[in-house]
Structure formats: C-alpha cells, structure tokens
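# Summary of structural features
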Amino acid sequence: MSENKGYVHPEVLVDADWVQAHLNDPNVRLIEVDVDTKSYEQGHIPGAVGFNWQKELQDQVVRSPLDKAHLEELLSSAGVNNDTTVVLYGDNNNWFAAWALWILKYYGHNDVRLLDGGRVKWLADKREISTEAPSYARTSYKAGEPNDDIRAFRDQILSTLGKEGFTLVDVRSPAEFSGELLAPANLPQEGAQRGGHIPGAANVPWASAVREDGTFKSADELHAIYGGKGVTADKDVVAYCRIGERSSHTWFVLNYLLGYNNVRNYDGSWTEWGSLIGAPIER
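What you see is a predicted model; the values in this text were computed from it and never measured.

Following the UniProt record, the feature "domain: Rhodanese" (unreviewed entry) maps to residues 24-131 and 162-282 here. This span, residues 24-131, is 34% helix and 15% strand, and a straight line between its end C-alpha atoms measures 17 Å. Strand forms 12% of residues 162-282 and helix 26%; the C-alpha atoms that close the span are 13 Å apart.

Here it is as structure tokens:
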C-alpha cells in the first residue's frame, strides 16, 4: 500500500510497488483511462486493459455516464468479476481514472482503487511497460443500481443554493472560475454558452491535492487546503468542474482520503450549468 499519509481510507490507494507485486494476480485487474486516448497503445502497465472514456464510459447519445447494461458488458469483456480488485490509473494525474472510479462506485463495485501517481509516475520510475493488449476470459459481471447519493443534479443544486450547510467546490482553474476561459487553456474553448461559476462556490483547483510527482498530498495538507476555503466535513459538499472528471478527482480526495460523509460529484458541471437558461452565474 501507499505510505501512510493519515488518510481515512488508505486502502483505496495503491502505490507502484503494490501494483508491481500484483501484476500476475488473477484477482486484480488494472485498467488505464487516459485523457489522451492514444496513450494506452504507446505503452501501458503489463496486463492492463485500456478503456476509452469518450467511446466506452459515457452514453453515446445522452450526455451521461454509460448505463448499467453497457458497464456490465464492458467489465465482462475485460474479465472483471464482482469480487475483482480493480486498480485504475491514467494520465493527467488520474483525471479520468478518478472519473472511472466514481462511475464504478456509482454502480456499486466493491473494491476499486487508484494507483497513486498514475501513469506519469509509473513512467518516471522507468518501470516496465508493454504495447500488448491483453485478453481475459469473459465473465458475467452484474452491476448494482445507480447510487445517486454520490451524484448531484442541477435541480438539486438550484434548490439548495445559498442554504446553510451546503457548499460547492469549483475545482477548475482560476481563469475558468472567473469566466475568462470556458475550458482548460490547452483545450478548445467550447462546452458552455457562458463563463463564470455557480454562485457561492469556492475555487479549489483539483491539482491542489497532488504533489509534483502526481501522488496525493498528506491528509493534514489536504485538510488545510480545503478547510481554508470553507470546504469542511460538516457540510453537504458538491464538487464540479467542466465535464465532471476533474471533480471526480476532488470527490475521491474528499470522500476517501479525508472521509467526508456527504460529498457528491456534479457531473453535469459547467458544460450544463453555463448553458442553462436563467441559471444564476457569478464572475
């Protein structure tokens, strides 16, 4: 397991040594999910399966995570059983790996973890990579019903804006938060009709939670970062970004590393809110 950094649920993180020791463990399945969907083909951890976040993890018609039947098919074809330990990792300090983890928890998978440091640290450590796509014996995976306790919807947010005990954390960059940009600076500026943030939201960029090598900061450091912006465990917390993947990363931090009891991911995020007719916006 990772070094002890004081997390409430340290079991949801594994380090590279743990992964190295379990490369041939039939009860562990490594899954890579990258922003850059071509990265997997260029080399991945041996035995890891690659999921394409655009084509496989979201509905291809409705803007939503994939449905239960599609998840069952995806995991069955990857040789995942209901009792498999799934370890997710990816580029950009696990942006989309965290989103995939959130989706698996949304559908009730019991044992799902993140590789601390993700793809970047694995490569930086000069560990073994492979270009071979593995195949595993098909399983009959059965997903649970969606758990809306970890997901926030726009109408819920509209009805609770400004209420005591409710706090929003906008995990985008300061330039997106201010309305100067609609998306991260290196991406096309699209996805919403208006710039800005949801009224009352605190801006704690997702990358505040990680060190330079991509591993997560200690619990004490994280408490200082989020608590300093009023994002505390006694509140009903909702995280959002532009499309829901960076906020999944923050949801993971608050939910598992810090043990907040009431934290949800608003996956509609700014792409939805910034295009809603009449929705309140601050700049």
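More follows now that the structure is in view.
Let us look at the side chain of Thr167. Tracing the backbone through its elements, the reader meets Thr167 in strand β6 (residues 166-170). For Thr167, a relative accessible area of 9% gives the class buried. Apart from the residues lying within four places of it in its own chain, the contact partners of Thr167 are Gly230, Val231, Lys235, Asp236, Val237 and Val238.

Take the sheet that holds strand β2 (residues 28-32) next. Taken together, five strands build an open sheet; the order of strands is β1-β5-β4-β2-β3 and the sheet is parallel. Among the strands making up the open sheet, the edge pair consists of β1 (13-14) and β3 (49-50). Note that β1 and strand β5 (residues 112-115) share two bridges and pair parallel. Paired with Val14 across the strands is Leu115, a residue of β5. Against the sheet, helix α4 (residues 91-106) makes contact with β4 (85-89) and β5, and its axis sits at roughly 175° relative to β5, the strand it touches most.

Spatial strand order, β7-β6-β8-β9: four strands in an open sheet with parallel pairing. With one partner strand each, in any of the chains shown, β7 (202-203) and β9 (263-265) form the two edges of the open sheet. Pairing geometry for strand β8 (residues 236-240) and β9, over three bridges, is parallel. Bridged to Val238 within β9 is Arg264. Against the sheet, helix α9 (residues 245-257) engages β6, β8 and β9, with an angle of about 165° to β9.

Glancing now at the nonpolar core. Formed by 58 residues in total, the largest nonpolar core has its most connected members in Leu57, Leu88, Phe216, Tyr226 and Phe252. Elements with a minimum of two residues in this core: α3 (68-77), β4, α4, β5, α8 (219-227), β8 and α9. Sorting elements by how many residues they give to this core places α4 first, with eleven residues. In this view, Leu57 contacts Val33, Phe51, Asn52, Pro65, Leu66, Leu74, Trp99, Ala100 and Ile103; residues no more than four positions away in its chain are not counted. Residues Ile157, Val238, Tyr266 and Trp270 belong to the second largest nonpolar core, which totals 15 residues.

Let us look at the packing of aromatic side chains. Summed over the entire model, instances satisfying the criterion amount to ten aromatic pairs. Residues Trp53 and Phe96 carry aromatic rings whose centres are separated by 4.1 Å and whose planes lie at 20° to one another, so their mutual orientation is stacked. Of this pair, Trp53 sits in the loop between β3 and α3 while Phe96 sits in helix α4, and the two are 43 residues apart along the sequence. An identical accessibility class is assigned to Trp53 and Phe96; each is buried. Ring geometry for Trp102 versus Tyr106: centroids 5.7 Å apart, planes at 15°, classification stacked.

Definitions and limits used
- Residues numbered from 1 in each chain as written.
- Predicted model: local features only at pLDDT ≥ 70, side-chain atom pairs only at ≥ 80, totals over all residues.
- Heavy atoms only, no water.
- UniProt positions renumbered as here; feature names shortened; annotations may be inferred.
- Helix = DSSP H or I, 4+ residues; strand = E, 2+ residues; numbered from the N terminus.
- Buried < 20%, exposed > 50% of the residue type's maximum accessible area, 1.4 Å probe, protein only.
- Contact = heavy atoms within 4.5 Å.
- Pairing = 2+ DSSP bridges.
- Axes fitted to C-alpha atoms, helices over the stretch in contact; angles between N-to-C directions.
- Core = buried A, V, L, I, M, F, W, Y, C linked by side-chain atoms within 4.5 Å.
- Phe/Tyr/Trp six-rings, centres within 6.5 Å; stacked < 30°, edge-to-face > 60°.

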